[in-house]
Amino acid sequence: MQKIETVQEFEQLSETNSRFFFMKHSLTCPVSSNAFSEYQAFLNKHEEEDGYYLAVQESRELSNHIAEKYGIKHESPQAFLFIEGKPGWNASHWNITETELNKL
């Protein structure tokens, strides 16, 4: 799992990866901490999947860019599956679980 911090890094990621998971994570929210643990557990068991994240407090510009570009209201925590440069799935808060991610 790799941390992405800038709009430029994210755009390059979108252009070069046809499928990847991405998570907006809050460093101070207990719900986000739980969702991040579920996300990590999923990625640890599925090494073939590419996983990335941002810390909302550190990358507000990128977080806003994703919300505006794709027309998906910002929430934190929020997880996405990008397919061919577009969100094919997204969920927030308690809906981010290893079980749900396994279905994708």
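Scoring rules and cut-offs
- Residues numbered from 1 in each chain as written.
- Predicted model: local features only at pLDDT ≥ 70, side-chain atom pairs only at ≥ 80, totals over all residues.
- Heavy atoms only, no water.
- Salt bridge = Lys/Arg side-chain N within 4 Å of Asp/Glu carboxyl O.
- Helix = DSSP H or I, 4+ residues; strand = E, 2+ residues; numbered from the N terminus.
- Buried < 20%, exposed > 50% of the residue type's maximum accessible area, 1.4 Å probe, protein only.
- Axes fitted to C-alpha atoms, helices over the stretch in contact; angles between N-to-C directions.
- Parallel < 35°, antiparallel > 145°, perpendicular 65-115°, else oblique.
- Contact = heavy atoms within 4.5 Å.
- Nonpolar A, V, L, I, M, F, W, Y, C, P; charged D, E, K, R; others polar.
- Pairing = 2+ DSSP bridges.

(A) Quick look at the pattern of salt bridges. On inspection of all chains with the given rule, the structure shows five salt bridges. Its salt-bridge partner being Glu11, residue Lys69 comes within 2.8 Å of it at the nearest N-O pair. A residue pair is termed long-range when its members are at least 10 positions apart, and Lys69 in helix α3 (residues 60-70) and Glu11 in helix α1 (residues 7-16) qualify at 58 residues. Here Lys69 falls in the partly exposed class, since its relative accessible area comes to 42%. Note on Glu11: relative accessible area 17%, which makes it buried. A salt bridge links Glu98 to Lys45, with the shortest nitrogen-to-oxygen separation between them at 2.9 Å. Remark: Lys45 occurs in helix α2 (residues 30-45) and Glu98 occurs in helix α4 (residues 98-102); sequence separation between them is 53 residues. Accessibility expressed as a relative area gives 15% for Glu98, which makes it buried.

(B) Examining the packing of α1 against α3 more closely. With their axes 9 Å apart at the nearest point, α1 and α3 run at an angle of 45° to one another. Considered as vectors, α1 and α3 are oriented oblique to each other. Contacts from Val7, Phe10, Glu11 and Ser14 in α1 reach Glu61, Leu62, His65, Ile66, Lys69 and Tyr70 in α3. When grouped by side-chain class, the residues that make up the contact of α1 with α3 number five nonpolar, two polar and three charged.

(C) Just the pairing of strand β4 (residues 78-83), in detail. Extensive coverage of β4 is indicated by the burial of five of its six residues. Of the strand pairs in this sheet, strand β2 (residues 19-25) and β4 are connected by six bridges, and their pairing is antiparallel. When the sheet's bridge partners are listed, Lys24 is paired in β4 with Gln78. Bridging between β4 and strand β5 (residues 86-92) involves six bridges; their strand directions are antiparallel. Within β5, the residue paired with Ala79 across the bridge is Ala91. Once β4 ends, the chain turns through two residues before running back antiparallel as β5, passing Glu84 with a positive phi of about 55°.

Taken by themselves, the reported measurements are silent on function.
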